[in-house]
Amino acid sequence: MKILNIVGARPNFMKIAPVMAAMYAHADIEPVLLHTGQHYDENMSEQFFRELNIPYPDINLGIGSDSQAKQVAKIMEKFDDVCNKEKPDIILVVGDVNSTMACSLVAAKSGIKLVHLEAGLRSNDRSMPEEINRLVTDVLADMLLTPSEDASRNLLREGISPEKIVCVGNIMIDTLYHFLPLSAKSKILEKHGLKEKEYILLTMHRPSNVDQKEQLERYFDAFNIIQKKIPVIFPVHPRTMKNIDAFGLDRKIRTMHNFIIENTLGYLDFQKLTSCSRLVITDSGGIQEETTVMKIPCITLRENTERPITVSMGTNVIAGSDTDKMLEYVDAALNGKWKSGKVPEKWDGRTAQRVIDAIVKGMSG
Ligand code: UD1
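Residues numbered from 1 in each chain as written. Predicted model: local features only at pLDDT ≥ 70, side-chain atom pairs only at ≥ 80, totals over all residues. Heavy atoms only, no water.

> Got a sec to walk through the domain arrangement of the protein? Specific residues and values, please.
Domain boundaries assigned for the protein yield domain 1 (2–170 + 347–363) and domain 2 (180–334). Distance between the C-alpha centres of domain 1 and domain 2: 27 Å. Between domain 1 and domain 2, the contact holds 23 residues from the first and 20 residues from the second. Summing both partners gives a buried area of about 1,700 Å² for domain 1 against domain 2, and 55% of it is carried by carbon and sulfur. Close ionic contact of Arg 307 with Glu 118 constitutes a salt bridge, the shortest N to O distance being 3.2 Å. Connecting domain 1 to domain 2 are eight residue pairs in polar contact (both at pLDDT 80 or more). (Domains from an automatic or database assignment. Contact = heavy atoms within 4.5 Å. Buried area = accessible area lost by both parts, 1.4 Å probe. Salt bridge = Lys/Arg side-chain N within 4 Å of Asp/Glu carboxyl O. Polar contact = N/O pair within 3.5 Å; in protein donor to acceptor, adjacent residues only side chain to side chain.)

Shown next as structure tokens:
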């Protein structure tokens with residue numbers, strides 16, 4: 001069984017790593033890895049392959065950045081040629097980035113079986129590009145592998161037939177458990193003179209948060225207040241960095257002496273920072289899940305989440321873009337007033353095996 005596995009952007013890499021390892025270990029599976037090149041900077045792409053022992057991609061489409069639609073169109077055009085040449089039995093896509101949706105469309109048009117890993121997540125907010133990617137991918141997929149039962153229920157509600165859906169658990173948590181011992185050795189705290197539980201980790205890159213000057217400035221006014229109470233470390237995504245420069249916010253940041261700007265970090269340094277932090281403030285999807293597993297308080301700077309289980313069971317709260325609410329939550333966390341949270345079922349480090357079992361069973365049946 002020849003399986004063509006697709007990655008494109010940073011959050012895909014930690015999801016494909018355990019899947020590739022499990023596929024290589026299976027006698028009847030011939031895995032091929034394709035990188036669309038959506039993310040291409042060394043620190044957004046290649047370093048994750050090295051750190052997570054992901055085999056070098058067999059194929060790289062070298063797409064790069066563009067508008068949403070053009071990026072999707074370029075991927076589709078090149079991926080169509082790959083499918084004609086490689087003739088895979090199955091295409092496996094992960095997550096919800098543009099590469100995920102673009103390759104799903106080609107799979108469906110080419111009549112190749114499509115498996116979506118991390119299916120069923122819904123923010124119900126179509127202004128997010130990822131929500132469009134999730135909806136399109138899930139409607140096309142032949143097999144939908146979900147991280148939790150609430151995601152399976154979303155799919156059933158949308159009329160997807162139950163025999164296509166398997167709850168396999170959270171694949172990213174396989175990677176987290178596997179690499180936590182190695183990340184414990186990272187020297188990132190020493191590099192910045194940070195002490196365990198005495199700093200906040202911040203990440204922010206969503207277009208809705210960083211693309212408008214007034215909104216971004218409002219956030220930095222609030223971060224300025226926070227960094228007077230406790231150091232804040234901020235590994236900055238390239239999109240955010242560009243906007244900070246374009247809006248002239250770099251001058252303001254230079255006056256914030258407890259606010260540490262870092263480049264985007266590799267997986268091991270980042271997990272070390274997360275696991276030792278007092279609190280994480282983020283607009284990422286995956287970080288909401290990782291903090292829930294590590295039982296670290298998390299404030300999400302979005303109006304909604306496609307991962308509501310991290311709020312209902314885990315350590316996550318939603319602050320939206322309301323900076324007063326964020327400041328209230330920060331004070332609660334600094335005063336130790338936070339829910340303890342539970343780890344959802346099947347977020348146990350054994351998802352990759354369930355993925356393989358589901359594919360082998362599903363495709364032979
Ligand atoms: C993408 C995903 C998002 C994910 C995020 C993680 C989509 C729609 N969005 O958003 O879900 O959370 O990745 O990082 O697929 N850039 C670089 N170097 C790179 C890649 C990008 O400088 O290696 C810059 C470019 O200016 C580019 C911008 O970042 O225009 C945005 O990149 P893009 O891939 O369009 O989306 P992300 O914001 O990274």
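> Give a description of the pattern of salt bridges that names residues and reports values.
Under the criterion given, the structure shown has 20 salt bridges. Note that Glu 262 and Lys 191 form a salt bridge whose closest N and O atoms lie 2.6 Å from each other. With Glu 262 in strand E10 (residues 259–263) and Lys 191 in helix H8 (residues 188–191), the pair connects residues that are 71 residues apart, well separated along the chain. Residue class for Glu 262 comes out buried when judged on its relative accessible area of 8%. For Lys 191, a relative accessible area of 56% puts it in the exposed group. Asp 221 is paired through a salt bridge with Lys 252; the nearest N and O atoms lie 2.7 Å apart. One end of the pair, Asp 221, is in helix H10 (residues 213–227); the other, Lys 252, is in helix H12 (residues 250–254), and 31 residues separate them in sequence. Given a relative accessible area of 37%, Asp 221 falls into the partly exposed group. Salt bridges sharing partners connect three or more residues here, namely Lys 15, Asp 96, Glu 118, Glu 131, Arg 134, Glu 289, Arg 302, Glu 306 and Arg 307. (Helix = DSSP H or I, 4+ residues; strand = E, 2+ residues; numbered from the N terminus. Buried < 20%, exposed > 50% of the residue type's maximum accessible area, 1.4 Å probe, protein only.)

> Please give an account of the site of the ligand that cites residues and values.
Near the ligand there are 20 residues, and of these Gln 38, His 39, Asn 98, Glu 130 and Lys 242 occur at the shortest range. Here Asp 41 contributes a backbone N or O atom positioned 2.9 Å from an oxygen atom of the ligand. The side chain of His 205 places a nitrogen or oxygen atom 2.9 Å from an oxygen atom of the ligand. Notes on the ligand: free accessible area 740 Å², of which the protein chains cover 90%. If you list the elements that add at least two residues to the shell around the ligand, you get helix H1 (10–24), helix H3 (68–86), helix H5 (129–140) and helix H11 (238–246). (Near = heavy atom within 4 Å. Areas by Shrake-Rupley, 256 points an atom, 1.4 Å probe, with all protein chains shown as cover.)

> I'd like to hear about the packing of helix H7 (residues 171–183) against helix H14 (residues 286–294), residue by residue, with values.
In contact at an axis separation of 10 Å, H7 and H14 are set at 55° when each is read in the N-to-C sense. Classified by the angle between their axes, H7 and H14 sit oblique to one another. Between H7 and H14 the crossing geometry is right-handed. Touching Met 172, Ile 173, Leu 176 and Tyr 177 of H7 are Gly 286, Glu 289, Glu 290, Val 293 and Met 294, all from H14. Each residue belonging to the contact of H7 with H14 can be placed in one class, and the counts come to six nonpolar, one polar and two charged. (Axes fitted to C-alpha atoms, helices over the stretch in contact; angles between N-to-C directions. Parallel < 35°, antiparallel > 145°, perpendicular 65-115°, else oblique. Left-handed = near helix turned anticlockwise from the far one by under 90°. Nonpolar A, V, L, I, M, F, W, Y, C, P; charged D, E, K, R; others polar.)

> Give me the lowdown on the nonpolar core, citing residues and values where you can.
Core analysis: the biggest nonpolar cluster contains 54 residues, and Leu 92, Leu 273 and Ile 359 have the highest contact counts within it. The dominant element in this core, judged by the number of residues it contributes, is H1, at eight residues. Among the nonpolar cores identified, the runner-up in size contains 31 residues, and Ile 200, Ile 230, Ile 299 and Leu 334 belong to it. (Core = buried A, V, L, I, M, F, W, Y, C linked by side-chain atoms within 4.5 Å.)

> Before we move on, could you go through the packing of helix H4 (residues 98–110) against H5 and cite the residues and values that matter?
H5 packs onto H4 with a crossing angle of 25° between their chain directions and a minimal axis gap of 9 Å. As far as their axial angle goes, H5 and H4 are roughly parallel. The chirality of how H4 crosses H5 is left-handed. Counting all contacts with H4, which are made through Asn 98, Thr 100, Met 101, Ser 104, Leu 105 and Ala 108, the residues of H5 involved are Ile 132, Asn 133, Val 136, Thr 137 and Leu 140.

> Would you mind going over the side chain of Gln 71 in detail, with residue names and values included?
When you line up the elements, Gln 71 lands in helix H3. Owing to a relative accessible area of 6%, Gln 71 belongs among the buried residues under this scheme. In terms of polar contacts, Gln 71 uses its side chain to reach the side chain of Asn 98, at 2.8 Å. Not counting residues within four places of it along the chain, the set of residues in contact with Gln 71 comprises Gln 38, Ile 63, Gly 64, Ser 65, Asp 66 and Asn 98.

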